[in-house]
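# Chains, contacts and geometry: an overview
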Amino acid sequence: MITQDKIDEILQTAILEDVIGGFDKLTQAGISHYCTCPVCGKKGKSKGLSVNPVKKVFKCFSCDFSGNNAITYLCEAQNMTYPEALKYLAEKYNIVIEEIKKGPQKKDKAKKKTFRDIQLASSGLSDADQKIFIPVPENDIEYTSSNTLKQIDIFESGTRNQYFQLVKGDDMIIWYYDLEGNQITYQKPKGGKMEALYRMRWQNPELHTDVSGRARKYESPYKSGSHLFIPEPLRKAYQEGRQFKRLYLQEGEKKAWKACLHGMMSVGVMGIQNIANKKELPYDFELIIKRCGVTEVIFLLDSDWDHLNNVLKPGMRVDQRPWSFFHAIKNFKEYFKTFANQGVYLEIYFGYLLSKEKGIDDLLNGSLKGKEKCLYDDFETSINTKEGKGEFVQLHKISTTVDLKLMELWKLHSATEFAEKYKEDLIGLAEFQIGKHKWKFDEEGKLASTQPLEEDEQFYEKTIKKNKDGDSFETYTFSYIDSYNFLQRRGFGRIMINNSTYIFARIQNNIIETWEPGQIKDFVVEFAYEICLPAERKKVMNMLYRGA
């Protein structure tokens, strides 16, 4: 009989797509991988077995064979017994197992691993790594030692009850401390008292949804603001005035801490859109950059930086996630350029991992475990090459990059190019929206509009004229009656309100939304941009921007 600790270790180590790929060749399309279903034999993106490495699940679209771990796959697809599956995985991942004999056994007094322990281990962090020493608060009556410092956990087991109180439990609490080692606080809404800042990492995100019903992995106290997470190695470097030229920004506390342990000084941000608070960079950035002599700043994204949403549904807008990443990088660039006003000139980069592992902690604790310096060296190589490409990372120098060039990385500058980039993800949808326009891939695999302009909706028209020398040239004119038809058939109209005045509105899916005239004009302009041929786009846009 194999001990429970070993079973847990095997489950945590086994990589689902790696195990399944050992029995059948996987084909990647977007986030997911596909292969022939071992149960029903069907294959293909919409029929066979789909493996999602992010959610760590597999499912067949034809027979509903599914599961969420490698042992389920081995037992049900490869006809292994439970012990055989465990031994197979142990051998595959070089895990030494010691079987205990059946019969009367002494109770196992080993401490059961908490969710917090599992989270730390998955990022390659030990319990000792995350402990810090802080000054003993004057009002800490529970601390009886004569020492002026006490050791605490930054990542702590616990949870939050329905009264928003922190209590014992099996979620993870992440505490925030500033560069001087003081606990960060926030003021509770409506003039409440100051409270210590923390973030919850929920073990079961589906039980903690936001207003739109989406599961939340992380949650901060209501209106506590956006704050930087400072790992202890960076805090020590700052306090000692150590010099390092490069500062990394990463989404997530564990990633930043793990990177710091291997010489890549990092701060953690609560989300890609949370670099600044109220459109101002936290003062900590200025302190670190000036005291430690930082000359390069890198915003490092995960390997799924350009993926679409995990779940795509017919009719939904599919470019929202790429737009979110674009705006995050754009804001990052603009915020850090303001240091030039203080005489501090920074080289600004954004980068992403090229590995199969999602985050930097996954990479350092995965294929680079025991050779972590390779990643440090790879950053040195990448940043000094013209293409910015290394073995594990891709960097883009964006200090002077215009927004259009950034948009091109996600193909956001063109609906047709965007659709082609993500064709494998979108081709199975009956309809999808990019920007203001709806599209589909037809039976021949060609992109087609699901909102084609009828003859009496062509609100711009090309005509050929001749100049005084007899040379032909193209000109574009705007048709008001056709634009009226175009807008009316897309749900736009006027509504009379109580004082006998009118407001503009749009009806979609039985929902009425009010629109300002400027918003309607933007809708027409963006629609035209998306459906224009590239060769005529500039002239059409000039005509529309002139005021039509």
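Residues numbered from 1 in each chain as written. Predicted model: local features only at pLDDT ≥ 70, side-chain atom pairs only at ≥ 80, totals over all residues. Heavy atoms only, no water.

### Quick look at a nonpolar patch on the surface
Our working definition: Residues forming no salt bridge and having over 30% relative accessible area are the ones grouped into patches, like charges within 9 Å of each other and nonpolar side chains (Val, Leu, Ile, Met, Phe, Trp, Tyr) within 5 Å. To measure how exposed things are, a 1.4 Å probe is used in the Shrake-Rupley method; for residues, cover is taken only from the protein chains shown. Counted as salt bridges are all cases of a side-chain nitrogen of Lys or Arg within 4 Å of a carboxyl oxygen of Asp or Glu. Put simply, DSSP marks the helices as runs of H or I at least four residues long and the strands as runs of E at least two long, and each gets a number from the N terminus on. Only protein chains enter the accessibility calculation, which uses a 1.4 Å probe. A residue is then buried if its area is under 20% of the maximum for its type, exposed if over 50%, and partly exposed in between.
A cluster of nonpolar side chains, contributed by Ile495, Ile497, Ile507 and Ile512, occupies part of the molecular surface with about 330 Å² of accessible area. By secondary structure assignment, the location of Ile512 is in strand E26 (residues 511-515). Looking at Ile512, the relative accessible area reads 54%, which means it is exposed.

### Quick word on helix H6 (residues 232-240)
Stated formally: Any two residues having at least one pair of non-hydrogen atoms within 4.5 Å are treated as being in contact.
Among the residues making up H6, those that are buried are Glu232, Pro233, Leu234, Arg235, Ala237 and Tyr238. Buried-residue contacts for H6 involve strand E6 (131-135), strand E14 (246-251), helix H7 (253-261), strand E15 (266-269) and helix H8 (283-292). Just downstream of H6, Gly241 is the residue with a positive phi angle, here 70 degrees.

### Looking at the state of the cysteines
Let me state the cut-off plainly: Throughout, disulfides are identified as pairs of cysteine sulfur atoms within 2.5 Å of each other.
Following the criterion strictly, the structure yields zero disulfides and no others. Cysteine Cys40 is unpaired, with the sulfur of Cys60 as its nearest cysteine sulfur at 3.6 Å. Looking at Cys40, the relative accessible area reads 32%, which means it is partly exposed. With no disulfide partner, Cys75 has as its closest neighbouring cysteine sulfur the one in Cys37, 16 Å distant.

### A word on the side chain of Ser479
Counting through the fold element by element, Ser479 comes out in the loop between strand E23 (472-478) and helix H15 (480-488). Look past the residues within four positions of Ser479 in its chain and what remains in contact with it is Gln458 and Phe459.

### Concerning the pairing of strand E16 (residues 296-301)
Of all the six residues making up E16, six are buried; the element is thus mostly covered by neighbouring parts of the structure. Alternating residues of E16 divide into Glu296, Ile298 and Leu300 and Val297, Phe299 and Leu301, and every residue in both groups is buried.

### Digging into the sheet that holds strand E9 (residues 166-175)
We apply this condition: Each pair of strands is called paired provided DSSP finds at least two bridges between the two strands. The axes are straight lines fitted to the C-alpha atoms, using for helices just the contacting stretch, and the angles between their N-to-C directions are given from 0 to 180°.
Taken in spatial order, the four strands line up as E8-E9-E12-E13 in an open sheet, and their pairing is antiparallel. Looking at the sheet topology across the chains shown, the edges are occupied by strand E8 (155-160) and strand E13 (218-219). Where E9 lies against strand E12 (residues 198-201), four bridges are found, and the strand directions are antiparallel. Pairing of Ile173 across the sheet is with Met200, part of E12. Sitting on the sheet, H7 touches E8, E9, E12 and E13, and the angle it makes with E8 is about 175 degrees.

### Examining unusual backbone geometry
Peptide bonds are mostly trans, and most non-glycine residues show a negative phi. The backbone of Phe164 sits at a positive phi, close to 60 degrees, despite the residue not being glycine. Within the secondary structure layout, Phe164 lies in the loop between E8 and E9. In this structure, Lys223 is a non-glycine residue whose phi angle is positive, near 55 degrees. Topologically, Lys223 is positioned in the loop between E13 and H6.

### Topic: the nonpolar core
What counts, and what does not: We call a set of buried Ala, Val, Leu, Ile, Met, Phe, Trp, Tyr and Cys residues a nonpolar core when their side-chain atoms join them within 4.5 Å.
If you look at the biggest cluster of nonpolar residues, it comprises 54 residues, and the most contacted ones within it are Phe285, Phe299 and Phe336. With six residues, the single largest contributor to this core is helix H9 (residues 320-337). Sequence-distant contacts of Phe336, defined by excluding residues within four places in its chain, comprise Leu249, Ile275, Leu281, Phe285, Ile289, Val297, Leu346 and Ile348. Formed by 26 residues, the second largest nonpolar core is a distinct cluster that contains Ile2, Ile7, Cys60 and Ile95.

### Observations regarding the packing of helix H16 (residues 517-531) against helix H17 (residues 534-545)
Put simply, the rule reads: Roughly parallel covers angles under 35 degrees, roughly antiparallel covers those over 145, roughly perpendicular covers 65 to 115, and oblique covers all other angles. Amino acids outside the nonpolar list (Ala, Val, Leu, Ile, Met, Phe, Trp, Tyr, Cys, Pro) and the charged list (Asp, Glu, Lys, Arg) are all regarded as polar, and Gly is one of them.
Between H16 and H17, the shortest axis-to-axis distance is 10 Å and the interhelical angle comes to 170 degrees. As far as their axial angle goes, H17 and H16 are roughly antiparallel. Taken together, the residues of H17 that come into contact with H16 (itself represented by Lys521, Val525, Ala528 and Tyr529) are Arg537, Val540, Met541, Leu544 and Tyr545. Within the contact of H16 with H17, the residues separate by chemical class into seven nonpolar, no polar and two charged.

### A closer look at the packing of aromatic side chains
Convention followed: Aromatic contacts are taken between Phe, Tyr and Trp rings whose centres are within 6.5 Å, Trp giving its six-membered ring; a plane angle under 30 degrees counts as stacked, one over 60 as edge-to-face, and the others as tilted.
Considering all chains together, one arrives at 33 aromatic pairs under this definition. Residues Trp323 and Phe326 carry aromatic rings whose centres are separated by 5.5 Å and whose planes lie at 80 degrees to one another, so their mutual orientation is edge-to-face. In this pair, Trp323 and Phe326 are both assigned in helix H9, three residues apart and thus about one turn of the helix distant. Residue classification places Trp323 among the partly exposed residues on the basis of a relative accessible area of 21%. A ring pair is formed by Phe432 and Phe441, whose centres lie 5.9 Å apart and whose planes are at 35 degrees; its orientation type is tilted.

### Describing the environment of His327
Inspection of the secondary structure assignment puts His327 in helix H9. The spacing of His327 and Leu166 is 161 residues in sequence and 34 Å in space, taken between C-alpha atoms.

### So, the pairing of strand E3 (residues 49-52)
Where burial is concerned, the two faces of E3 agree: the one with Leu49 and Val51 and the one with Ser50 and Asn52 are both buried. Examined bridge by bridge, strand E2 (residues 32-35) and E3 share three bridges and lie antiparallel to one another. If you follow Tyr34 over to E3, its bridge partner there is Ser50. Alignment of E3 against strand E4 (residues 57-60), held across four bridges, turns out to be antiparallel. Looking across to E4, one finds that Asn52 is bridged to Val57. Between E3 and E4, which pair antiparallel one after the other, the connecting turn spans four residues, and Lys56 there sits at a positive phi close to 60 degrees.

### What to know about the pattern of salt bridges
A side chain with one charge may pair with a side chain of the opposite charge, provided their charged atoms come close. Scanning all chains against the criterion turns up 33 salt bridges. In this structure, Glu296 and Arg246 form a salt bridge, with 2.8 Å as the shortest nitrogen-oxygen distance. One end of the pair, Glu296, is in strand E16; the other, Arg246, is in strand E14, and 50 residues separate them in sequence. Among the residues examined, Glu296 registers a relative accessible area of 12% and is labelled buried. Accessibility expressed as a relative area gives 6% for Arg246, which makes it buried. Via salt bridges that share partners, Arg116, Asp117, Asp127, Lys131 and Asp153 belong to a single interconnected network.

### A short note on the sheet that holds E3
Across the sheet, which stays open at both edges, the five strands sit in the order E1-E2-E3-E4-E5 with antiparallel pairing between neighbours. Two strands bound the open sheet, and with one partner strand each, they are strand E1 (27-29) and strand E5 (66-67).

### Thoughts on the side chain of Thr159
Quick reminder of the rule: In protein, a polar contact requires one atom able to donate a hydrogen and another able to accept it; more generally it is a pair of N or O atoms within 3.5 Å, and residues adjacent in sequence count only if both atoms are side-chain atoms.
By the secondary structure assignment, Thr159 is in strand E8. Among the polar contacts listed, one links the side chain of Thr159 to the side chain of Asp171, at a separation of 2.6 Å. Not counting the four nearest positions on each side in its chain, Thr159 is found in contact with Gln165, Leu166, Val167, Lys168, Gly169, Asp171, Ile173, Met200 and Trp202.

Purely spatial values, then, with no claim about function.
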